[in-house]
Amino acid sequence: MITGWFTGEGDGFRLLGTRCSSCASVFFPREDVHCRNPHCAGGTLEETPLSRTGRVWSYTDARYRPPSPFASDAELPWEPYALIAVELAAERIVVLGQAAPGITVADLAVGMEVEAVEGVLHGGGEAESATTWNWRPTGAAS
Amino acid sequence: MELAADGGGVMTGDVAVLGAGMHPWGKWGRGFVEYGAAAARAALADAGVDWRDVGSVVGADTVRGGYPGYVAGASYARALGWQGARVTSVYAACASGAQAIAAARAQILAGLADVVLVVGADAAPKGFFRPAGGDRPDDPDWLRFWLLGATNPAYFGLYARRRMAVHGDTPEDFALVKVKNAAMGALNPYARYRRRVTAEEVAASAVVADPLRLLDICATSDGGAALVLSSMEFARRHGAARPVRIRAVSTVTPRFPNPVLDLPDIATDPAVAVEPPEETFRASIARAAYEEAGLGPGDLDLAEVYDLSTALELQWYEDLGLCGAGEAAKLLREGTTAPGGRTPVNASGGLASFGEAVPAQAVAQVCELTWQLRGAAGERQIEGARVGITANQGLFGHGSSVVAVR
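Residues numbered from 1 in each chain as written. Chains lettered and ligands numbered in written order. Predicted model: local features only at pLDDT ≥ 70, side-chain atom pairs only at ≥ 80, totals over all residues. Heavy atoms only, no water.

In the annotation of an unreviewed UniProt entry, the entry for chain A reads Benzoylsuccinyl-CoA thiolase, and the organism field reads Streptomyces malaysiense.

Laid out in C-alpha cells, this is it:
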C-alpha cells in the first residue's frame, strides 16, 4: 500500500523521499507531483535516500491497542510500542516512526541519536507491504 | 483599516451574538442531530428570535457518521422544520465551529443575511477517535493509524515530552492544569465531568501515551452548541442595546515550512530550502485574531483554549502571548490563569471537563465567552469580563480563534 518509501536491507536500509531539483526541499512521505514550497516555481522531484541517522525530537508510546485500520491480533495481549519523532539534520525534517521491537520509552531521551532500520508492519499481510521502518538508538542491539 | 499580508485579513466590523445555547455534554447514546437541534432551540430562545425569521443556517460538520455529508446545516434545518433558509456546511476538524462562525459572520457583513444560526454537534464513539473505514492510503489521517498506530493521544504525548525536554515542564505541572479545569467544570451545568480532581488522582491514573495519563487527556463526548448571530443593526432593532460582539475570527493556515509535527502528519515540512517562520503556526492563529480585533494579550479578561491535553493548555499560554516561551508552567503555578488571576483560562472547565464533541467545541468556546461577557456565568463568573478570546487548532492545518467583546 506504500511503495517507494524505503529501500535496501540491513545496513543498506534507507527511507526514500523526493528532492525538488529547483529549491532542494526534501519531502517525506514523497511528493511526486509538485514541490510544496510556495516560494519555489517547482522543479522535478527526484527520488533521494534520507539520512540514515537523526536525533530524537520527541517520543511517546501506545499503552493501549490503537483502533483500526491499525492491524493487531485482538486475541493476543497488547504489547505497547514506542513512537519516536526524529529530526534529520541534512533534510531539516522530523519523521515519525515506531521504535524497533524491545525499545521502550525508558531507553530514549530527546536529542539521542537513532537510526532507521527495517521493521515489520503490524498485520502487514501482503509481502510487499509487510516491511516498514523503525527507529532504533544507534548501537543498540538488534 | 489595516491589511495583513499573510492571511490576517481586513479590519471588518462587529457582529452581535444574540443568543447562545448548548445541549449538555455527556455520553447520551443518541444522534448528533438531536443534540444540535436542542442547542439551536436553546440559542434561539436565548436570542428571542423565531426560527422562521432566521435567514441562514451554518452547520459544523462531524465525520463520525463516515463522511461529512451525514452532517450538515441542512440536517439541523430539517430537524427544526424546513423554512427555506440559506444553508452552509463546513468541515475543518476541531476548528469546524470557528469556520461556521466565520461563514456566518461573512454572510452578515456582506449583507446576505441579517440573522444566522450556527450549530455544531457530535455523537462521539467510545475510545480513541479513528478515521472512517475502507483502505484509503491517500488520506494522511488513515495512514498514520494504519502504518504507525499513531492515535491522537500519541501526538499529545510527543508534544508533552518535548515540553519537558525543552522547557523543563513536569508531569506535576500538567496535573495542575487538570486540577484547575476540573474545579471550574464542577461549576458548569453543561460539562460532562462535574467533579473536582486532585493532583494525586491524576498521578494515579493509567499512562495512555507516555508521559500523559488518562486524566491528562480529554475524553470524546456527545454534545451540541449553537449561536444566533446578527448584524449590529438587526440587534438594535431587536432591542439588544449592548450585545456581546464578535470582533475577530482567525482561520489562518500554517506557513511553509511548518517545523512542528502536527496531527495527522507522519513528517514535517522540510526546512532545508526556506527558514521556518519565527512565529509558530499556533502563535500565528492568535496573532491574526489580535490584529483583526485591534487588541493584544494584555487586553484579555479571559481565554478559552483547546486543552486536548493538559500539556497543550500550557502551550497555548505561550502561543496566545500570555507569557514567553517556556514560562507557561510558572504562569499556571502563580495562579495567573486561574479564576482571580490576570487572565483566567478555561473558565468553562475546558475539554478536561467536557470531553471533545469535535464540531461543537469551537462553538461552545464562544458560548462560554458570551455568558462570561454578559456577566451571566453564575458561580464560575469572571468578574468584570469584557474581552475574551478562544483558540483552537483543527487537523490538517485549520487555525481557529475568535475574539469577543462587550
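On we go from here.
Helix and strand counts for chain B come out as 13 helices and 13 strands. By the compact-globule yardstick of 22 Å for 406 residues, chain B fits well, its C-alpha radius of gyration being 20 Å. The C-alpha extent of chain B, read off along each of the three principal axes, is 55 × 50 × 50 Å. Among the 406 residues that make up chain B, the fraction classed as buried is 62%. Relative to all contacts within chain B whose residues are 6 or more apart in sequence, the contacts with residues 24 or more apart total 75%. Roughly 14100 Å² of accessible area belongs to chain B as shown, and the carbon and sulfur atoms make up 52% of that amount. Charged side chains in chain B number 37 positive and 44 negative. The centres of these two groups are separated by 6 Å. (Helix = DSSP H or I, 4+ residues; strand = E, 2+ residues; numbered from the N terminus. Rg over C-alpha atoms; globule rule 2.2 N^0.38 Å. Buried < 20%, exposed > 50% of the residue type's maximum accessible area, 1.4 Å probe, protein only. Contact = heavy atoms within 4.5 Å. Areas by Shrake-Rupley, 256 points an atom, 1.4 Å probe, with all protein chains shown as cover. Lys, Arg positive; Asp, Glu negative; His and termini not counted. Charge placed at Lys NZ, Arg CZ, Asp CG, Glu CD.)

Below, the discussion takes up the state of the cysteines. The tally for this structure, following the rule as stated, stands at zero disulfides over all chains. Between C35(A), a cysteine without a disulfide, and C23(A), which holds the nearest cysteine sulfur, the sulfur-to-sulfur distance is 3.7 Å. For C35(A), a relative accessible area of 7% gives the class buried. Cysteine C218(B) shares no disulfide, and the gap to the nearest cysteine sulfur, in C94(B), comes to 8.2 Å. (Disulfide = S-S within 2.5 Å.)

What follows concerns the environment of T370(B). Residues and elements named next belong to chain B. Along the chain, the position of T370 falls in helix α13 (residues 358-374). Sequence spacing of T370 and R245 is 125 residues, and the spatial spacing of their C-alpha atoms is 8.5 Å. Setting aside its immediate chain neighbours within four residues, T370 contacts V17, A20, L227 and V244. From its side chain, T370 meets the backbone oxygen of V366 in a polar contact 2.8 Å long. (Polar contact = N/O pair within 3.5 Å; in protein donor to acceptor, adjacent residues only side chain to side chain.)

With that settled, consider the pairing of strand β13 (residues 398-405) of chain B. All names here are of chain B. For β13, the tally of buried residues reaches eight of eight residues, placing the bulk of the element in the interior. Burial along β13 is two-sided: H398, S400, V402 and A404 and G399, S401, V403 and V405, pointing in opposite directions, are all buried. Of the pairings in the sheet, the one linking strand β10 (residues 244-250) to β13 comprises five bridges and is antiparallel in character. Bridging across to β13, S250 finds its partner in S401. Sheet analysis places strand β12 (residues 387-394) next to β13, joined by eight bridges and oriented antiparallel. (Pairing = 2+ DSSP bridges.)

With that out of the way, let us pick up the confidence of the model for chain B. When pLDDT is averaged across chain B, the result is 93; 95% of the residues are at 70 or more. Counted against residues more than four places away or in other chains, residues 1-11 of chain B, with its pLDDT under 50, gives 19 contacts. (pLDDT = per-residue confidence, 0-100.)

This brings us to helix α9 (residues 281-293) of chain B. All names here are of chain B. The end-to-end C-alpha distance of α9, which contains 13 residues, comes to 19 Å, matching closely the 18 Å that a straight helix rising 1.5 Å per residue would cover. Of all 13 residues making up α9, 12 are buried, and the element is well covered by its neighbours. Looking at the residues trailing α9, positive phi occurs at G294, about 65°. (Expected span 1.5 Å × (residues − 1).)

So, about the sheet that holds strand β8 (residues 113-120) of chain A. Strand order in the closed barrel formed by five strands is β5-β6-β7-β9-β8 (chain A), and the pairing between neighbours is mixed. Recorded for the sheet is a direction-independent mean angle of 45° between the axes of neighbouring strands. Of the pairings in the sheet, the one linking strand β5 (residues 53-62) of chain A to β8(A) comprises three bridges and is antiparallel in character. Within β8(A), the residue paired with T53(A) across the bridge is E115(A). The strands that helix α4 (residues 140-148) of chain B touches are β6 (81-88), β7 (93-99) and β9 (131-137) of chain A; relative to β7(A), the one it contacts most, it runs at about 40°. Helix α5 (residues 152-167) of chain B contacts β5, β6 and β7 of chain A of the sheet and is inclined by roughly 125° relative to β5(A). (Axes fitted to C-alpha atoms, helices over the stretch in contact; angles between N-to-C directions.)

Residue and element names in this part refer to chain B. The mixed open sheet is built from nine strands, whose spatial order is β5-β4-β6-β9-β3-β10-β13-β12-β11. Sheet topology places β5 (86-90) and β11 (302-305) at the edges, where each strand pairs with a single neighbour. The average undirected angle you get between the axes of adjacent strands in this sheet is 25°. In this structure, β11 lies alongside β12, joined through four bridges in parallel fashion. Its bridge partner lying in β12, A303 is registered against I389.

Residues and elements named next belong to chain B. Buried residues dominate β10, accounting for five of its seven residues. Of the strand pairs in this sheet, strand β3 (residues 15-26) and β10 are connected by three bridges, and their pairing is antiparallel. Residue A16 lies in a different strand from β10, and its bridge partner there is R245.

Following the UniProt record, the feature "domain: ChsH2 C-terminal OB-fold" (unreviewed entry) maps to residues 48-117 of chain A here. Secondary structure across residues 48-117 of chain A divides into 0% helix and 46% strand, with the first and last C-alpha atoms of the span separated by 17 Å. (UniProt positions renumbered as here; feature names shortened; annotations may be inferred.)

The next subject is the interface of chain A and chain B. In many reports, interface size means the accessible area that the parts give up when they come together. With 45 residues of chain A at the interface, the matching set in chain B holds 42 residues. Overall, the association of chain A and chain B removes approximately 3800 Å² of surface from exposure, summing both partners, and the carbon and sulfur fraction of that is 68%. Seen at the junction of chain A and chain B, the total is three salt bridges. When the shortest N-O distance is used, the salt bridge between D210(B) and R63(A) registers 4.0 Å. Our count for the contact surface shared by chain A and chain B stands at 15 residue pairs in polar contact (both at pLDDT 80 or more). Of all elements in the fold, only β3 (26-27), β5, β6, β7 and β9 of chain A reach the threshold of two or more residues within the side of chain A that touches chain B. Split by residue class, the side of chain A that touches chain B holds 30 nonpolar, nine polar and six charged. (Buried area = accessible area lost by both parts, 1.4 Å probe. Salt bridge = Lys/Arg side-chain N within 4 Å of Asp/Glu carboxyl O. Nonpolar A, V, L, I, M, F, W, Y, C, P; charged D, E, K, R; others polar.)

Tracing the backbone shows P69(A) in the loop between β5 and β6. The buried category is assigned to P69(A), whose relative accessible area is 17%. The sequence separation of P69(A) and Q98(A) amounts to 29 residues, and the corresponding C-alpha distance is 16 Å. The contact partners of P69(A), leaving out residues within four places of it in the chain, are P131(B), W142(B), F145(B) and W146(B).

Residues and elements named next belong to chain B. Within this structure, the stated rule accounts for 34 salt bridges over all chains. Of the charged contacts, one joins D50 and R52 as a salt bridge, the two residues approaching to 2.8 Å between their closest N and O atoms. The exposure class of D50 is partly exposed, given its relative accessible area of 31%. D114 is the salt-bridge partner of R237, the closest N and O atoms lying 4.0 Å from each other.

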